[in-house]
Amino acid sequence: EEARANALWLMTTGDDWRWEVWNGGTFAGMLLLSRISPKVDALFHFTLLPAKETGVTLFGSRKLMWNFLGYVFDQFQLQRITVEIPEHHAKLAHWFRQRLGFKYEGEQSLSRLTKWRGVTILDTKGAPAWIASQGSRKERAHWDGTKWADLTVLRMLREDYEARRALGEMPQATRDEPTTESSEN
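The shown structure was predicted, so the numbers you read here are calculated from the model rather than taken from an experiment.

> So what exactly am I meant to see when it comes to the overall build of the chain here?
In terms of helices and strands, the chain carries six helices and eight strands. Helices and strands in the chain line up, N terminus first, as α-β-β-β-α-α-β-α-β-α-β-β-α-β. Relative to its full complement of 185 residues, the chain shows a buried share of 41%. For the chain, restricting intrachain contacts to residue pairs at least 6 apart in sequence, the fraction spanning at least 24 positions comes to 65%. For the chain, the accessible area works out to roughly 10900 Å², and carbon and sulfur atoms hold 51% of it.

As structure tokens, this is what we get:
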């Protein structure tokens, strides 16, 4: 039911770009860009309807998402793409980081902090990512129906996408490869 409500919201919001996701003749979800700052950044959203009804899983949509990111970088000439994930959806944040290569805001640039007097960077495996994850949040920015929660902010820079693409790091094809159809505003 939550996926249906998300799809309805995605279809009716204004000032954004929407793409429908289809698997054969079955509507499977939506991809959306909002808060578009031309040639700079856009906020990426998606919703997939239940896999039992559509045959499209999050794992199976990996190639679609990867190709969509490349399309968006090229067509909108963006420097970055941002996603905001409610903190109680930690597995989704993990999926974006592990499967698509998104990073916490500021994760790769922690070394710049060593220029500041009094700042110590922990030389422990995983420490930079953990530190970045704590600062990569929007506090009390998501209402889950019962309480306010933080959003985790992830981003992909154009050069990160292009570096992965140049290495041939394309997601593996899967048996359920949905397609998209675009609709503006």
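> Would you mind showing me how to read the pattern of salt bridges here?
Any two side chains of opposite charge can pair if their charged atoms end up close together. In total, this model carries seven salt bridges according to the counting rule given. In this structure, Asp 160 and Arg 155 form a salt bridge, with 3.4 Å as the shortest nitrogen-oxygen distance. Like Arg 155, Asp 160 is buried.

> Teacher, can you tell me more about the nonpolar core here?
One broad rule of soluble globular proteins: the nonpolar side chains tend to lie buried together. By size, the foremost hydrophobic cluster in this structure holds 30 residues, and its most contacted members are Phe 44, Phe 96 and Phe 102. Among the elements of the structure, strand 1 (17–23), strand 2 (26–37), strand 3 (41–48), helix 3 (62–76), strand 4 (80–86), helix 4 (90–100) and strand 7 (148–157) are those that each provide at least two residues to this core.

> I tried to follow the environment of Trp 143 on my own but got confused; where do I start?
Turning to its location among the elements, Trp 143 is positioned in strand 6 (residues 137–143). A C-alpha to C-alpha distance of 9.0 Å links Trp 143 and Pro 86, two positions 57 residues apart in sequence.

> When you look at the packing of helix 3 against helix 4 in this model, what are you seeing that I'm missing?
Each pair of packed helices gets described by two things: the angle between the helix axes and the distance between those axes. Interhelical geometry of helix 3 versus helix 4 gives an angle of 75° and a closest axis separation of 11 Å. Taken together, the axes of helix 3 and helix 4 lie roughly perpendicular to each other. Residues Arg 62, Met 65, Trp 66 and Leu 69 of helix 3 form the contact with helix 4, whose participating residues are Trp 95, Arg 99 and Leu 100. Across the contact of helix 3 with helix 4, the residue classes break down as five nonpolar, no polar and two charged.

> How should I be thinking about the side chain of Asp 16 in this particular structure?
Structurally, Asp 16 can be placed in the loop between helix 1 (2–12) and strand 1. A relative accessible area of 1% means that Asp 16 is categorised as buried. Here the side chain of Asp 16 touches Arg 18 through a polar contact of 2.3 Å, side chain to side chain.

> Is there a simple way to explain the pairing of strand 7 in this structure?
For strand 7, the buried fraction is high: nine of the ten residues fall into the buried class. Two strands pair when backbone bridges link them, and strand 4 and strand 7 are joined in this way by seven bridges, in the antiparallel orientation. The partner of Arg 80 across the bridge, within strand 7, is Leu 157.

What counts as what
Residues numbered from 1 in each chain as written. Predicted model: local features only at pLDDT ≥ 70, side-chain atom pairs only at ≥ 80, totals over all residues. Heavy atoms only, no water. Helix = DSSP H or I, 4+ residues; strand = E, 2+ residues; numbered from the N terminus. Buried < 20%, exposed > 50% of the residue type's maximum accessible area, 1.4 Å probe, protein only. Contact = heavy atoms within 4.5 Å. Areas by Shrake-Rupley, 256 points an atom, 1.4 Å probe, with all protein chains shown as cover. Salt bridge = Lys/Arg side-chain N within 4 Å of Asp/Glu carboxyl O. Core = buried A, V, L, I, M, F, W, Y, C linked by side-chain atoms within 4.5 Å. Axes fitted to C-alpha atoms, helices over the stretch in contact; angles between N-to-C directions. Parallel < 35°, antiparallel > 145°, perpendicular 65-115°, else oblique. Nonpolar A, V, L, I, M, F, W, Y, C, P; charged D, E, K, R; others polar. Polar contact = N/O pair within 3.5 Å; in protein donor to acceptor, adjacent residues only side chain to side chain. Pairing = 2+ DSSP bridges.

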